[in-house]
Amino acid sequence: LAKRLRSLRNHGFAEKYYNREVGGNFRLDALQAAVLRVKLRHLETWHEARRHNAARYRELLAAAGLAAPDGPVAAPHEAGHGRHIYHQFVIRCEHRDELQAFLGERGIGSAVYYPVALHLQECFRDLGSVEGDFPFAEQAARQVLALPIYPELGDKDAAEVIDAVRAFCSS
């Protein structure tokens, strides 16, 4: 029971990013709430810094000739309504796993947050979907890679990340 409850409070993960059943994000305790109360005052400043970093990434990708549709990397874009806060800056690259390894060798962090499309997660097996039912979702799961986007990321750091992506794409 304890093992199941720990899984349910963490999105239903059996292991990281692999869901056996549907869960939630139920991990806030009193200490975290107290810290959050202080941090909330800074939230908009952090959002603005992330938006700046995202714009810088897009500029650098375009300048390096990496941006889709002609280049090998697709980056997020803003639809023109609302504001993106860029909790993650997720690119798409056909050779995602190799790019992630290349970045890691250069000390640049990256993450694959959703390696399996939702319809293929064990927790949704009873819905009857099989591989091939949602090919765009499956393709995205194979291609998405989150680059560093934290508020303190400087322009020099962003340039270093995109320089490494360019070096990978050129090899």
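Please read these numbers as outputs of a predicted model, since none were measured by experiment.

> What exactly am I supposed to notice about helix H3 (residues 43-63) here?
For the α-helix, the turn length of 3.6 residues means that residues three or four positions removed from each other point alike. Over its 21 residues, H3 extends 30 Å from the first C-alpha to the last, a length consistent with the 30 Å expected when each residue adds 1.5 Å. Of all the positions in H3, only His47, Arg50, Arg51, Asn53, Ala54, Tyr57, Leu60 and Leu61 are classed as buried. The inward-facing, buried residues of H3 contact strand E3 (73-74), strand E4 (89-93), strand E5 (144-147) and helix H6 (155-170). Backbone geometry just downstream of H3 places glycine 65 in the positive-phi region, at approximately 70 degrees.

> What's the story with the sheet that holds E3 in this structure? I'm lost.
Backbone hydrogen bonds hold the strands of a sheet together, and the pairing may be parallel or antiparallel. One open sheet holds the three strands; their spatial order is E3-E4-E5, and the pairing between them is antiparallel. Of all the strands in the sheet, just E3 and E5 have a single pairing partner and so form its edges. Of the pairings in the sheet, the one linking E3 to E4 comprises two bridges and is antiparallel in character. Counted as the bridge partner of valine 73 is cysteine 93 from E4. Its contacts with the sheet put helix H4 (residues 96-105) on E4 and E5, and the angle it makes with E5 is roughly 25 degrees. Sheet strands in contact with helix H5 (residues 135-143) are E4 and E5, and its direction is about 105 degrees off that of E4.

What counts, and where the lines are drawn
- Residues numbered from 1 in each chain as written.
- Predicted model: local features only at pLDDT ≥ 70, side-chain atom pairs only at ≥ 80, totals over all residues.
- Heavy atoms only, no water.
- Helix = DSSP H or I, 4+ residues; strand = E, 2+ residues; numbered from the N terminus.
- Expected span 1.5 Å × (residues − 1).
- Buried < 20%, exposed > 50% of the residue type's maximum accessible area, 1.4 Å probe, protein only.
- Contact = heavy atoms within 4.5 Å.
- Pairing = 2+ DSSP bridges.
- Axes fitted to C-alpha atoms, helices over the stretch in contact; angles between N-to-C directions.

None of the figures reported here should be taken as evidence of function without further support.
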